[in-house]
Amino acid sequence: MIPTPIYYLTDPAELPGACRHLRGCPQLGVDLEFDDMRYRYGRHLGLVQIFDGEAVWLIDPVTIPELSELLAVLADPAIVKVFHSCRSDILLLDELHDARVPNIVDTSVLAQLLGEADNQISLGKLIQLELGITVDKGEQKSNWLKRPLTDAQLEYAANDVIYLFLLKDALQAKLTALGRWEWARQENAALDHVRYQRDPEPWARLAAKLRIEPDDVPLFRALWQIRDDAARELDRPPYQLFDNRFFPEFIRYPPRSAQEWANVKGTHAALRRAPWLDRLAELTPDRWTPPPPEPRAPRPRGFKWRMSAEKARAVEQREEQLVALKNAVAGKYGQNLANLVLSNKTMAEIVEFGADAVLRPWQQDVIREVETHTDSTSYDDVARVLDAA
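Residues numbered from 1 in each chain as written. Predicted model: local features only at pLDDT ≥ 70, side-chain atom pairs only at ≥ 80, totals over all residues. Heavy atoms only, no water.

## Side note on the pattern of salt bridges
Taken as a whole and assessed by the stated rule, the structure comprises 17 salt bridges. The shortest N-O distance in the salt bridge between Arg 43 and Asp 36 comes to 3.3 Å. For the salt bridge of Glu 95 with Arg 43, the shortest nitrogen-to-oxygen distance reads 2.6 Å. Of this pair, Glu 95 sits in helix α3 (residues 87-97) while Arg 43 sits in strand β3 (residues 43-51), and the two are 52 residues apart along the sequence. Connected through shared salt-bridge partners, Asp 36, Arg 43 and Glu 95 make up one network. (Salt bridge = Lys/Arg side-chain N within 4 Å of Asp/Glu carboxyl O. Helix = DSSP H or I, 4+ residues; strand = E, 2+ residues; numbered from the N terminus.)

## A short note on the nonpolar core
One recurring pattern in soluble globular proteins is that nonpolar side chains are buried together. Leu 113, Val 341, Leu 342 and Trp 362 are the most contacted members of the largest nonpolar core, which totals 58 residues. Sort the elements by how many residues they give to this core and helix α14 (residues 309-333) lands first, with seven residues. With residues up to four places along the chain from it excluded, the contact list for Val 341 reads Val 329, Thr 346, Leu 359, Trp 362, Gln 363, Val 366 and Ile 367. One finds Leu 45, Ile 59, Ile 90 and Val 194 within the second-largest nonpolar core, a separate group that totals 32 residues. (Core = buried A, V, L, I, M, F, W, Y, C linked by side-chain atoms within 4.5 Å. Buried < 20%, exposed > 50% of the residue type's maximum accessible area, 1.4 Å probe, protein only. Contact = heavy atoms within 4.5 Å.)

## Some points on helix α5 (residues 123-131)
Considered for burial, the residues of α5 that qualify are Leu 123, Gly 124, Leu 126, Ile 127 and Glu 130. For α5, the angular spread of buried residues about the axis comes to 165°, placing them on one side. Buried residues in α5 make contact with α4 (107-114), α6 (151-162) and α7 (164-177). Remark: Gly 132 follows α5 within two positions and exhibits a positive phi of approximately 70°. (Arc of directions from axis to C-beta.)

## Focus on unusual backbone geometry
A cis geometry characterises the amide bond from Arg 147 onward to Pro 148, with omega recorded as 5°. When you line up the elements, Pro 148 lands in the loop between α5 and α6. The amide bond that connects Ala 274 to the next residue, Pro 275, takes the cis arrangement and shows omega of 0°. Relative to the helices and strands, Pro 275 resides in the loop between α12 (258-263) and α13 (276-281). Even without glycine at this site, Met 37 takes up a positive phi of about 55°. Its location among the elements puts Met 37 in the loop between β2 (27-36) and β3. Relative accessible area serves as the criterion here: at 29%, Met 37 is assigned to the partly exposed category. One non-glycine residue with positive phi stands out, namely Asn 103, at about 60°. With respect to the element layout, Asn 103 can be found in the loop between α3 and β6 (104-106). Judged by relative accessible area, Asn 103 falls into the partly exposed class, the value being 28%.

## So, the pairing of strand β5 (residues 80-83)
In this structure, β2 lies alongside β5, joined through three bridges in parallel fashion. If you follow Gln 27 over to β5, its bridge partner there is Val 80. Here β5 runs beside β6; their pairing, made up of three bridges, is parallel. Across the sheet, Lys 81 pairs through a bridge with Ile 104, a residue of β6. Handedness of the β5-α3-β6 crossover: right-handed. (Pairing = 2+ DSSP bridges. Right-handed = clockwise from strand over helix to strand, strands pointing away.)

## Some remarks on the pairing of β3
Counting buried positions along β3 yields eight of nine residues, so the element is predominantly enclosed. Where β2 meets β3, eight bridges bridge the pair, whose relative direction is antiparallel. Opposite Asp 36, over in β3, you have Arg 43 as the bridge partner. Linking β2 to β3, which pair antiparallel, is a turn of six residues; within it Met 37 sits at a positive phi near 55°. For β3 and strand β4 (residues 56-59), the ladder comprises four bridges, and the chain directions are antiparallel. Paired with Phe 51 across the two strands is Val 56, which belongs to β4. Where β3 hands over to β4, the hairpin turn is made up of four residues, of which Gly 53 adopts a positive phi near 105°.

## Structural notes on the packing of aromatic side chains
If you walk through the whole model with that rule in mind, you get ten aromatic pairs. Ring plane angle 15° and centroid distance 5.8 Å describe the contact between Phe 246 and Phe 250, whose orientation is recorded as stacked. Here Phe 246 and its partner Phe 250 are both found in helix α11 (residues 246-252), four residues apart, which amounts to about one turn of the helix. Of the aromatic side chains, those joined through ring pairs into one cluster are Phe 220, Phe 242, Phe 246, Phe 247, Phe 250 and Trp 261. (Phe/Tyr/Trp six-rings, centres within 6.5 Å; stacked < 30°, edge-to-face > 60°.)

## Side note on α6
With twelve residues, α6 should reach 16 Å at 1.5 Å per residue; the first-to-last C-alpha distance of 16 Å fits that figure. Counting buried positions over the twelve residues of α6 gives nine, a clear majority of the element. What α6 keeps buried is the set Gln 153, Leu 154, Tyr 156, Ala 157, Ala 158, Asn 159, Asp 160, Val 161 and Ile 162. On its buried side, α6 packs onto β1 (6-9), β2, β3, β4, α5 and α7. (Expected span 1.5 Å × (residues − 1).)

## Thoughts on the side chain of Gln 186
Here Gln 186 is to be found in helix α8 (residues 181-190). For Gln 186, a relative accessible area of 11% corresponds to the buried category. At 3.0 Å, the side chain of Gln 186 forms a polar contact with the side chain of Glu 182. In this structure Gln 186 touches Arg 360, Pro 361 and Trp 362, once residues within four positions along its chain are discounted. (Polar contact = N/O pair within 3.5 Å; in protein donor to acceptor, adjacent residues only side chain to side chain.)

The values reported here are purely geometric and, on their own, carry no functional implication.
Set out below in structure tokens:
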């Protein structure tokens, strides 16, 4: 680690002075450590790390829960905030504190735009590649809510921000030399609009992952809800009540009595006594009654479903055009950048809404640049909206 003063703030009285100092900095390196259903129920902020160019400030939200002054610093649009892979961090601040963090430079975005590595490069690997420095990432999955934090955790946390300015400068120089800094500006500006949205059906993704049959979804949802309610009350991550892999077995071969539920191995002791055992007993075959279907707004039909045969053929043609353009981008810039310009999700959106509405200006420019390398496809072929008539 570069020799740098580290200030670990655990007393609420220390925060105002630190924030006054940070407010005067033109840029700040920022990172968060948090727990997401690993050691407690829900998502909890464990540490805020800030580098001002000379010192690291480690702010402890467990002992300093009132962070409004610090969040006001992060919300200042005049201060550049340098992150690595910021999306999960800014979503957490939005979820827990309704906080905004404008004017971000994300080093993972800069690395992606170089197209030299895959689009999920870690901070440690990027520091090693760009700066030739190896940092210890051994504390990444440690418990950031347990106090006191260890010296190893504090050093790890400091390392996550100390190198951000050097990394940003190195990547910016490369992108500028390639004429791509405007690309980075556009991508980073889009981060200002990232917002947290609560999932109205938090059980649905797990049901799909476990391939729960549609007829079994009501029972799965009821069991998922019992586990989630118990985990919330006990302040434990749900997997500690019982592992996800037990769901299919419980659905296919449900215990037939409260006593059988109490005898199930691999479940938390709390589920073997009231009130949770009583709720589980309601799921036995002779007592389980599926709830009546909830009224739901009709799900919009897929774009292709709404089309005539003629329009469906037009969609297939557009998909072929997009594949040709993506191959042309890959030929000039490499597959990593091609995936960034025209991911499968992006191409599906372009089919329905047109490239003008989906792509950022730099992406449009890249496609226009390579269109001459395709047999007959141009940007204009995919720019317009394909209506569903």
